[in-house]
Amino acid sequence: MKVFVKIVLLCIFGGVLADEHNHIYDDNEEVVLWMNTVGPYHNRQETYAYFSLPFCVGSKETISHYHETLSEALQGVELEFSGLDIEFKAEITTTNYCGVQLDEEKYKAFVYAVKNHYWYQMYIDDLPIWGIVGEVGDNNYYIWTHKKFDIGYNGKQIVDVNITSENKVLLKPTTKLDFTYEVNWKPSEVKFENRFDKYLDPNFFQHRIHWFSIFNSFMMVIFLVGLVSMILMRTLRKDYARYSKDDDMDDMERDLGDEYGWKQVHGDVFRPASHAMLFSALIGSGYQLTTVVLSVIIFAIVGELYTERGSLLSTAIFVYAATSPVNGYFGGSLYARMGGKVWIKQMLLSAFMLPVLVCGTAFFINFIAIYYHASRAIPFGTMVAVTCICLFVILPLTLVGTVLGRNLAGQPDYPCRINAVPRPIPEKKWFMEPLIIILLGGVLPFASIFIEMYFIFTSFWAYKIYYVYGFMLLVCLILMVVTVCVTIVCTYFLLNAEDYRWQWTSFLAAASTSAYVYMYSFYYFFFKTKMYGLFQTAFYFGYMALFSAALGIMCGTVGYIGTSLFVLPGARQLYIGIVCDTTKLNNLPIRILFFF
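Predicted model, so just to flag it, every value in this text is computed and none were measured.

(A) Structural view of the overall build of the protein. For the protein, the count of helices and strands is 19 helices and 12 strands. Here the contacts in the protein between residues at least 6 apart in sequence split such that 82% fall between residues at least 24 apart.

(B) Molecular detail of empty space enclosed by the protein. Inspection of the entire model under this criterion finds four cavities of 30 Å³ or more. By volume, the second largest cavity amounts to about 60 Å³. Lining the second largest cavity are Ser-213, Ile-214, Asn-216, Ser-217, Ala-447, Ser-448, Ile-449, Phe-450, Ile-451, Glu-452 and Val-475. At the level of elements, helix H5 (208-247) and helix H13 (443-461) are the ones that each hand at least two residues to the lining of the second largest cavity. If you tally residues by element for the lining of the second largest cavity, the top one is H13, at six residues. Broken down by class, the residue content of the lining of the second largest cavity amounts to six nonpolar, four polar and one charged.

(C) Summary view of the packing of helix H7 (residues 276-303) against helix H15 (residues 502-511). Following both chains from N to C, one finds H7 and H15 inclined at 40°, their axes separated by 12 Å at the closest point. Judged by the inter-axis angle, H7 sits oblique to H15. As for the relative orientation of H7 and H15, their crossing is left-handed in sense. Contacts between H7 and H15 involve Leu-278, Phe-279, Leu-282 and Ile-283 from the first element and Gln-503, Trp-504 and Phe-507 from the second. Here the residues of the contact of H7 with H15 sort into six nonpolar, one polar and no charged.

(D) A look at the pairing of strand E11 (residues 157-170). Alignment of strand E10 (residues 140-154) against E11, held across 12 bridges, turns out to be antiparallel. Bridging across to E11, Asn-154 finds its partner in Gln-157. Adjacent in sequence and paired antiparallel, E10 and E11 are bridged by two residues, among which Gly-155 carries a positive phi angle near 70°.

(E) Fine view of the nonpolar core. Val-133, Phe-149 and Ile-158 are the most contacted members of the largest nonpolar core, which totals 87 residues. With nine residues, helix H17 (residues 534-566) is the largest single contributor of residues to this core. Once residues lying within four places of it in the same chain are set aside, the contact partners of Ile-158 are Tyr-25, Val-31, Phe-88, Ile-124, Asp-125, Leu-127, Ile-151, Gly-152, Tyr-153, Trp-185, Phe-192 and Arg-195. Counting 45 residues, the second largest nonpolar core, distinct from the first, contains Ala-321, Leu-354, Met-480 and Val-486.

(F) Geometry of helix H8 (residues 311-322). Look at H8: 16 Å from first C-alpha to last across 12 residues, which is about the 16 Å you get at 1.5 Å a residue. Looking only at H8, the buried set comprises Ser-311, Ser-314, Thr-315, Val-319, Tyr-320 and Ala-321.

(G) Main features of the packing of aromatic side chains. Scanning all chains against the criterion turns up 53 aromatic pairs. Seen in terms of ring centroids, Phe-363 and Phe-367 are 4.9 Å apart; in terms of plane orientation they differ by 75°. Their pairing is edge-to-face. Here Phe-363 pairs with Phe-367, and both are found in helix H10 (residues 343-372), just four residues apart, close to one helical turn. Given a relative accessible area of 46%, Phe-363 falls into the partly exposed group. The residue whose ring lies beneath Lys-198 is Tyr-199, and the NZ or CZ to ring-centre distance is 5.4 Å.

(H) Expanded view of the pattern of salt bridges. Following the criterion strictly, the structure yields nine salt bridges and no others. The closest approach of N and O atoms between Glu-135 and Lys-168, which form a salt bridge, is 2.9 Å. Note that Glu-135 is positioned in strand E9 (residues 134-137) and Lys-168 in strand E11, a separation of 33 residues in sequence. The exposure class assigned to Lys-168 is partly exposed, which follows from its relative accessible area of 40%. A salt bridge links Asp-160 to Lys-198; its shortest N-O distance comes to 2.9 Å. Of this pair, Asp-160 sits in strand E11 while Lys-198 is found in the loop between strand E12 (176-187) and helix H4 (202-205), placing the two residues 38 residues apart along the sequence. The exposure class of Lys-198 is partly exposed, given its relative accessible area of 40%. A single network of salt bridges, built from pairs that share partners, joins Lys-428, Asp-499 and Arg-501.

(I) Representation of a nonpolar patch on the surface. Residues Phe-212, Phe-215, Phe-218, Met-219 and Ile-222 make up a contiguous nonpolar surface patch of about 520 Å² in total accessible area. Residue classification places Ile-222 among the partly exposed residues on the basis of a relative accessible area of 45%.

(J) Geometry of the state of the cysteines. Within the structure shown, the criterion is met by one disulfide. There is a disulfide in this structure between Cys-56 and Cys-98, and the S-S distance comes to 1.6 Å. Here Cys-56 and Cys-98 share a disulfide; its torsion about the S-S bond, 60°, makes the bridge right-handed. Of this pair, Cys-56 sits in the loop between strand E3 (48-49) and helix H2 (70-74) while Cys-98 sits in strand E6 (residues 92-101), and the two are 42 residues apart along the sequence. You can call Cys-98 buried: its relative accessible area is 10%.

Parameters and conventions
Residues numbered from 1 in each chain as written. Predicted model: local features only at pLDDT ≥ 70, side-chain atom pairs only at ≥ 80, totals over all residues. Heavy atoms only, no water. Helix = DSSP H or I, 4+ residues; strand = E, 2+ residues; numbered from the N terminus. Contact = heavy atoms within 4.5 Å. 1 Å grid on protein atoms, 1.4 Å probe; cavity = no way out; pocket = protein on both sides within 12 Å on 5 of 7 lines; lining within 4 Å. Points joined across faces, edges and corners; volume = space filled by probe spheres on them. Nonpolar A, V, L, I, M, F, W, Y, C, P; charged D, E, K, R; others polar. Axes fitted to C-alpha atoms, helices over the stretch in contact; angles between N-to-C directions. Parallel < 35°, antiparallel > 145°, perpendicular 65-115°, else oblique. Left-handed = near helix turned anticlockwise from the far one by under 90°. Pairing = 2+ DSSP bridges. Core = buried A, V, L, I, M, F, W, Y, C linked by side-chain atoms within 4.5 Å. Buried < 20%, exposed > 50% of the residue type's maximum accessible area, 1.4 Å probe, protein only. Expected span 1.5 Å × (residues − 1). Phe/Tyr/Trp six-rings, centres within 6.5 Å; stacked < 30°, edge-to-face > 60°. Lys NZ or Arg CZ within 6 Å of the ring centre and 35° of its normal. Salt bridge = Lys/Arg side-chain N within 4 Å of Asp/Glu carboxyl O. Patch = residues over 30% accessible without salt bridge, like charges linked within 9 Å, V, L, I, M, F, W, Y side chains within 5 Å. Areas by Shrake-Rupley, 256 points an atom, 1.4 Å probe, with all protein chains shown as cover. Disulfide = S-S within 2.5 Å.

All quantities given are derived from atomic positions and should not be read as evidence of function.
Quick look at the structure:
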C-alpha cells in the first residue's frame with residue numbers, strides 16, 4: 001500500500017518524491033554530495049547558502065543531474081554541488097580538495113559562524129547529514145577542516161550516511177585552510193525502506209506522557225459527550241413539560257403566563273448571519289482546510305512522506321488546489337441560503353482568502369529574509385508559480401464548486417417564516433453574553449491538544465522529525481468531537497437566553513481555540529527555545545500567527561457544522577411542532593431527543 005501511494009504521488013508531482021535518480025547505483029557510479037544550508041543552531045529557520053561562508057568548492061565541476069522543486073524553494077532548500085568526487089563503493093583516502101587563504105573578511109566570517117554555533121546540512125542520496133563549522137576553546141576559535149564520510153550500502157542502494165568532523169585548526173587572519181575529505185564504504189543489513197529510522201526519536205515522540213495525553217483527551221471526550229447528552233436531554237424534557245402544560249391552558253392563562261427560552265426566538269433563529277459574505281467564505285475555507293488536513297495526515301501515515309525532502313509540503317499544495325471545489329460548494333451554497341446576491345464577489349473572497357493570508361505573511365517575512373540574505377527568501381520564479389496556481393487552478397475550481405453549490409444546495413428549507421423585524425434581544429446575565437461564551441469556548445478544545453502542540457512545535461522549530469501522524473490524526477478527531485460538544489452547549493444556552501445570534505457565536509467560540517494556541521506559542525518561544533534575532537523572531541511569530549489563524553478557521557467551521565447538524569434539526573422539529581403546528585407536539589419528544 002505504501003509503495004502504491006508513493007507511485008501515485010510520484011505521478012502527481014512529476015518527480016517530487018524521487019531524488020536526482022532512482023536510488024539504485026552500479027559500482028563506481030557517481031554519488032552526488034549536495035551542500036544545502038548553514039546557520040545558527042538555535043535558529044533553525046535562519047539559514048544561509050552553504051557557500052555564503054568562505055568555504056571552497058571541490059575540483060569536480062560538472063554533474064549529471066540536478067533539480068529543485070517548488071516545495072524545496074518555499075522551504076529555503078538551496079542545493080549546491082560540493083565539487084567532491086564520490087563514486088559508489090569506491091574508497092577514498094584522505095584527499096585535499098581545496099584550500100582557502102584567510103584575509104580579515106574571511107576570518108571574521110568564520111569567527112562569527114563559530115561563535116554563533118553554526119551548523120551546516122548536506123545530502124547524499126536524499127539522506128540528510130549535519131556537521132558543525134567549528135568550536136570555541138580557551139577563548140580561541142577553531143574550525144574543522146576534514147570531513148570523514150562513512151557510507152553504508154545494501155546491494156545497490158545507499159542505506160546509511162555518517163559524517164565525522166576532524167582536524168581542528170586554529171583560526172588566524174593569515175592562516176591558509178586546507179580542506180580534506182575521505183570516504184569509507186561498508187556493507188549494511190539495514191533495508192532501504194528502513195534507512196530513515198535512524199533519524200527518528202521514538203523515545204521523545206512515544207514517551208509515556210504522549211500516550212497519557214491521548215488517553216486524557218479521550219476521557220475528556222467521553223465526559224463531554226455524556227455531559228452534553230445529560231444536560232440537553234434533561235433540559236429539553238423540562239421544556240417539553242412546560243410547553244405541554246401551556247397547551248392545556250386557555251388563551252387568558254397563556255397570555256398571562258411567563259414564556260421564555262428558545263421558543264421565543266422561533267421567528268429569528270433561522271435569520272441569516274450578519275456579514276453573510278465573510279461568514280460563508282470562512283465556512284467554505286474551513287471545509288477545505290479540514291479536508292486538506294485530514295487528507296495530508298492520511299497520506300503521511302500511509303506513504304511516510306516525512307522520509308522524502310519537501311514531499312509533505314508538495315502534497316499539501318496539491319491537495320489544497322485539488323479541493324478548491326469543496327470551498328466553493330459549501331461556501332457558495334451557504335451564501336445562497338442566506339439570501340446573498342453578489343455571489344461572484346463571495347466566490348472570489350472564498351478562493352483568495354487563505355492564499356492572500358499566506359502570501360501576505362510570507363511576503364512580509366520575505367523582505368526580512370532578503371535583507372539578511374537568508375536562504376528562506378523566496379525566489380521571484382517561485383512567487384510566479386504560486387500566483388499561477390492560484391489564478392489558473394484554485395480560482396476555476398472554486399468557481400465550479402460555487403456554481404454547483406448554489407444550484408444543488410442553495411435553497412433554504414426553514415420550517416418557519418423569518419420575522420421581518422428582528423426581535424429585540426433581552427438583557428441577560430454577564431456570563432451569557434456572546435463575548436464571554438466565545439472566550440470560554442476555546443478552553444476545553446485547547447486543553448485536549450496542548451500537549452500535542454508541544455510535540456508539533458518541537459518538530460518544526462527544533463531538530464526533530466515528526467513521524468507519529470497516527471497520533472496527530474487521533475488528536476484531530478478528538479479536537480473535533482470536543483469542539484462540537486462545547487459549541488452545542490454554548491449555542492443551546494445562547495438560544496435559551498433568547499439570543500438568536502448563534503452562527504457567529506458558534507464559529508467564534510470554537511475558533512477561540514486558536515487564540516490560546518497562539519498564547520501558548522509565546523510561552524514556548526521564551527521558555528522552550530533559545531531563538532534570537534529579528535529574522536528568527538519575525539519568522540516564528542509570523543508563521544505561528546498564520547498557523548493559529550488556519551486552526552481557528554478549521555475549528556470554527558467544525559463548531560458551526562456540529563451546531564447545525566446536531567442542534568438545528570432538533571430545533572427545526574421543535575419549531576415545527578410547537579410554533580407552526582402545535583397539535584403535533586405530543587408526537588415529537590422521542591424524535592427530538594434523538595437529535596441531541
